[in-house]
There are 2 protein chains.
Amino acid sequence: MTSIKIPPDHPRAKSLTIREKLIEHYLEGIVAASGLIAHGRGEAFDYLLSEKTSRPALEGIQAAAATLLTAENPVISVNGNTAALVAEEIVKLANITEAKIEVNLFYRSLGRELAIKKLLEKAGAREVLGVGRKASARILELSSERRRVDPRGIMAADAVLVPLEDGDRTEALVRMGKKVIAIDLNPLSRTAQKATITIVDNIVRAAPSLVQAAERLKKRGIGKCREILLNFDNKKNLAGSIILMNENLTNFAEKTVRITNKGE
Amino acid sequence: MTSIKIPPDHPRAKSLTIREKLIEHYLEGIVAASGLIAHGRGEAFDYLLSEKTSRPALEGIQAAAATLLTAENPVISVNGNTAALVAEEIVKLANITEAKIEVNLFYRSLGRELAIKKLLEKAGAREVLGVGRKASARILELSSERRRVDPRGIMAADAVLVPLEDGDRTEALVRMGKKVIAIDLNPLSRTAQKATITIVDNIVRAAPSLVQAAERLKKRGIGKCREILLNFDNKKNLAGSIILMNENLTNFAEKTVRITNKGE
């Protein structure tokens with residue numbers, strides 16, 4: 001069950017290759033089983049986006065980069081799927097924006113925390129917060145292990161990038177007064193709806209794009225960052241992504257109906 | 001990593017419980033890792049169907065029951081996810097429609113075949129085809145292990161129910177002149193588009209509904225089955241499901257835009 005060969009004649013070989021990467025990291029203890037299911041959910045929404053970074057996503061990426069660059073204490077929260085797919089981009093982004101990196105898991109176990117820490121260090125991370133006893137602070141509004149955060153990281157942050165996060169935690173962080181940047185392919189999810197800035201894009205495309213945007217914006221200075229943030233409206237941006245999915249689905253529907261009518 | 005507790009205050013506890021069932025069966029060697037990802041993909045499309053069995057799905061279920069009841073050699077193809085979620089309903093359906101049950105996997109291994117066979121037998125199956133050397137026939141148009149089928153089962157069948165199947169195999173079976181019934185939450189997938197009859201529904205809801213439909217139709221006789229099949233048009237049915245998803249997405253989009261405008 002561990003060695004999975006992708007048939008080269010399969011029409012979705014590219015998407016299957018990303019899946020295989022996740023499955024490998026699942027077997028190495030980085031990704032949770034539920035992370036595999038979450039990935040599948042994202043795939044479906046990405047399909048409705050034609051698997052491309054949309055204009056609303058690009059605007060979200062600009063606003064996210066501006067937020068991280070203007071924050072006092074930016075933190076990038078990393079879970080299993082994020083580490084498996086874009087560890088190097090996370091480290092680059094942290095370096096450019098002077099953000100801390102913190103491991104933050106829905107299903108915590110010391111083994112997973114350490115495996116993710118190791119992967120991030122291999123990608124160049126100098127310090128990784130939120131591992132083991134370091135995650136000693138608690139978000140009071142959440143139950144169970146999901147509430148644990150690092151007092152030097154997310155607890156003290158004014159802006160947190162939470163790729164692939166769950167709705168409860170996003171809401172809790174926003175209520176604590178933090179700016180929350182989410183990367184979520186489902187524009188209808190609570191995470192997407194509650195975050196300060198939502199990037200509706202596949203993390204495999206969004207993360208390198210975010211690194212580029214941060215590099216460019218850093219050179220242009222704080223003034224440009226503030227201008228971008230003044231013009232950004234997350235609800236409008238989300239509506240843009242939903243409308244885009246809607247249009248794609250309409251096109252699919254029309255195509256199917258056309259085939260139907262031809263058959264008559 | 002094996003024991004996963006669902007926080008009782010989580011707003012999607014029901015959906016998480018089904019996920020947990022799949023993950024348990026993954027750990028028991030029934031479900032493939034890629035099956036977890038496929039389940040997530042289905043969840044997203046189910047969300048766009050408001051997680052309800054639609055009118056087009058009900059019509060597909062009627063047509064599927066009619067096809068199995070009027071076939072000479074109906075076969076129900078079972079993969080890991082199907083066995084994990086609806087083994088009992090599969091056995092009931094096979095009994096009512098006098099269909100054979102065959103294990104048919106995208107990623108074959110004798111261990112998985114045997115684990116699925118055992119699960120089906122526990123659910124009451126008398127005979128399970130397609131396990132080990134029994135899967136000695138080959139579908140010539142397919143590469144790798146995906147081509148293996150049982151000469152007494154799928155190879156000889158005139159109608160095959162393939163819940164949660166991949167597009168390649170669906171196409172190959174249709175080209176071999178078989179009536180193929182698919183259960184697939186994505187109405188845009190090749191499986192859904194190529195099958196003779198597609199039930200766009202969550203298998204957890206569709207399988208018990210299919211058992212009921214077969215029970216009722218069996219009493220009403222062959223004439224009623226033929227009438228249902230004469231009036232069924234799969235492309236129109238698929239278009240109905242796509243339009244439904246589209247309407248739901250439009251409603252979501254309008255709601256988000258309304259919130260945006262209120263904020264201005």
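Residues numbered from 1 in each chain as written. Chains lettered and ligands numbered in written order. Predicted model: local features only at pLDDT ≥ 70, side-chain atom pairs only at ≥ 80, totals over all residues. Heavy atoms only, no water.

K.L.:
Whenever I open this one, the packing of aromatic side chains confuses me. Can you help?
P.N.:
Any two aromatic rings considered together are summarised by their centre-to-centre distance and by the angle between their planes. As enumerated under the stated definition, the model contains one aromatic pair over all chains in all. With a centroid separation of 5.3 Å and an interplanar angle of 65°, the aromatic rings of Y26 of chain A and Y26 of chain B are classed as edge-to-face. Of the two residues, Y26 of chain A is situated in helix α1 (residues 13-27) and Y26 of chain B in helix α1 (residues 13-27); the pairing between them involves two chains. The same class applies to Y26 of chain A and to Y26 of chain B, which are both buried. (Phe/Tyr/Trp six-rings, centres within 6.5 Å; stacked < 30°, edge-to-face > 60°. Helix = DSSP H or I, 4+ residues; strand = E, 2+ residues; numbered from the N terminus. Buried < 20%, exposed > 50% of the residue type's maximum accessible area, 1.4 Å probe, protein only.)

K.L.:
What exactly am I supposed to notice about the packing of helix α4 (residues 80-97) of chain B against helix α5 (residues 110-122) of chain B here?
P.N.:
The axes of two packed helices give the description: the angle between them and the distance between them. Residues and elements named next belong to chain B. Relative orientation of the contacting elements α4 and α5 amounts to 25°, with a least axis distance of 9 Å. The pairing of α4 with α5 is recorded here as roughly parallel in orientation. Where α4 crosses over α5, the handedness of that crossing is right-handed. Note on element contacts: α5 touches α4 through R112, I116, L119 and L120, opposite G80, A83, A84, A87, I90 and V91. Among the residues forming the contact of α4 with α5, the class breakdown is eight nonpolar, one polar and one charged. (Axes fitted to C-alpha atoms, helices over the stretch in contact; angles between N-to-C directions. Parallel < 35°, antiparallel > 145°, perpendicular 65-115°, else oblique. Left-handed = near helix turned anticlockwise from the far one by under 90°. Contact = heavy atoms within 4.5 Å. Nonpolar A, V, L, I, M, F, W, Y, C, P; charged D, E, K, R; others polar.)

K.L.:
Would you explain the nonpolar core in this entry?
P.N.:
In a soluble, globular protein the nonpolar side chains are often hidden away together inside. Ranked by internal contacts, the top residues of the largest apolar core, which has 108 residues, are L36 and L120 of chain A together with L36 and L120 of chain B. If near-sequence neighbours (up to four positions away) are discounted, L36 of chain B is found in contact with A33, L36 and I37 of chain A together with L22, I23, Y26 and V31 of chain B. L249 of chain A together with A192, I242 and M245 of chain B belong to the second-largest nonpolar core, a separate cluster that totals 26 residues. (Core = buried A, V, L, I, M, F, W, Y, C linked by side-chain atoms within 4.5 Å.)

K.L.:
Before we go on, may I ask you to explain the sheet that holds strand β5 (residues 159-163) of chain A in this structure?
P.N.:
Strand pairing within a sheet occurs via backbone hydrogen bonds; the two strands may be parallel or antiparallel. All names here are of chain A. Read from one edge of the open sheet, five strands run β2-β1-β5-β6-β7, paired in parallel fashion. The sheet is open, and its two edges are formed by β2 (100-103) and β7 (197-199), each paired on a single side. Strand-to-strand, the axes of this sheet are offset by a mean angle of 20°, without reference to chain direction. Note that strand β6 (residues 179-183) and β7 share three bridges and pair parallel. Bridge assignment links A182 to a residue of β7, and that residue is T198. Relative to β7, helix α3 (residues 55-70) is tilted by about 130°, and along the sheet it contacts β1 (74-78), β5, β6 and β7. Contacting β1 and β2, helix α5 (residues 110-122) runs over the sheet at an angle of about 150° to β2. (Pairing = 2+ DSSP bridges.)

K.L.:
In this structure, what is going on with the sheet that holds strand β2 (residues 100-103) of chain B? I would like to understand it.
P.N.:
All names here are of chain B. Read from one edge to the other, the open sheet built from five strands follows the order β2-β1-β5-β6-β7, with strand pairing classed as parallel. Pairing within the sheet leaves two strands with one partner each, and these edge strands are β2 and β7 (197-199). In this sheet, neighbouring strand axes are inclined to one another by 20° on average, regardless of whether the strands run parallel or antiparallel. Contacts between α5 and the sheet are confined to β1 (74-78) and β2, with β2 contributing the most and set at about 150° to the helix.

K.L.:
What is the right way to read helix α8 (residues 203-220) of chain B from this model?
P.N.:
An α-helix turns once per 3.6 residues; consequently, residues spaced three or four apart project the same way. Residues and elements named next belong to chain B. With 18 residues, α8 should reach 26 Å at 1.5 Å per residue; the first-to-last C-alpha distance of 25 Å fits that figure. I203, A206, A207, S209, L210, V211, A213, A214 and L217 are the residues of α8 that are buried. Where α8 is buried, its residues meet α3 (55-70), α4, β5 (159-163), β6 (179-183), β7 and α9 (222-230). Of the residues flanking the end of α8, it is G221, one or two places downstream, whose phi is positive at about 95°. (Expected span 1.5 Å × (residues − 1).)

K.L.:
Please clarify how the pattern of salt bridges should be interpreted in this entry.
P.N.:
Taken as a whole and assessed by the stated rule, the structure comprises 25 salt bridges over all chains. A salt bridge links R19 of chain B to E43 of chain B, with the shortest nitrogen-to-oxygen separation between them at 2.7 Å. Taken together, the positions of R19 of chain B in helix α1 and E43 of chain B in helix α2 (residues 33-48) put the pair 24 residues apart, joining distant regions of the chain. For the pair shown, R19 of chain B and E43 of chain B are each scored as buried. Here the salt bridges do not stand alone but share partners, grouping D168, E171, R175, R190 and K194 of chain A into one network. (Salt bridge = Lys/Arg side-chain N within 4 Å of Asp/Glu carboxyl O.)

K.L.:
What is the right way to read the environment of N202 of chain A from this model?
P.N.:
Residues and elements named next belong to chain A. Its location among the elements puts N202 in the loop between β7 and α8 (203-220). According to the relative accessible area criterion, N202 is buried, its value standing at 13%. The sequence separation of N202 and T53 amounts to 149 residues, and the corresponding C-alpha distance is 7.7 Å. Those residues in contact with N202 that lie beyond four places of it in its chain are D46 and L185. A polar contact is formed between the side chain of N202 and the side chain of D46, at a distance of 3.0 Å. (Polar contact = N/O pair within 3.5 Å; in protein donor to acceptor, adjacent residues only side chain to side chain.)

K.L.:
Honestly, the environment of K134 of chain A in this entry has me stumped. Any pointers?
P.N.:
Residue and element names in this part refer to chain A. Mapping K134 onto the fold places it in the loop between α5 and β3 (137-138). The exposure class assigned to K134 is partly exposed, which follows from its relative accessible area of 33%. If sequence neighbours within four positions are ignored, K134 has contacts with V128, L129, V149, D150, P151 and R152. A distance of 3.2 Å separates a polar side-chain atom of K134 from the backbone oxygen of V128.

K.L.:
Would you mind showing me how to read the confidence of the model for chain A here?
P.N.:
It should be kept in mind that the predicted coordinates are not to be read in detail where pLDDT is low. Residues of chain A with pLDDT of at least 70 account for 91%, and the chain-wide mean is 89. The complex model carries a pTM of 0.86, and its ipTM stands at 0.81. (pLDDT = per-residue confidence, 0-100.)

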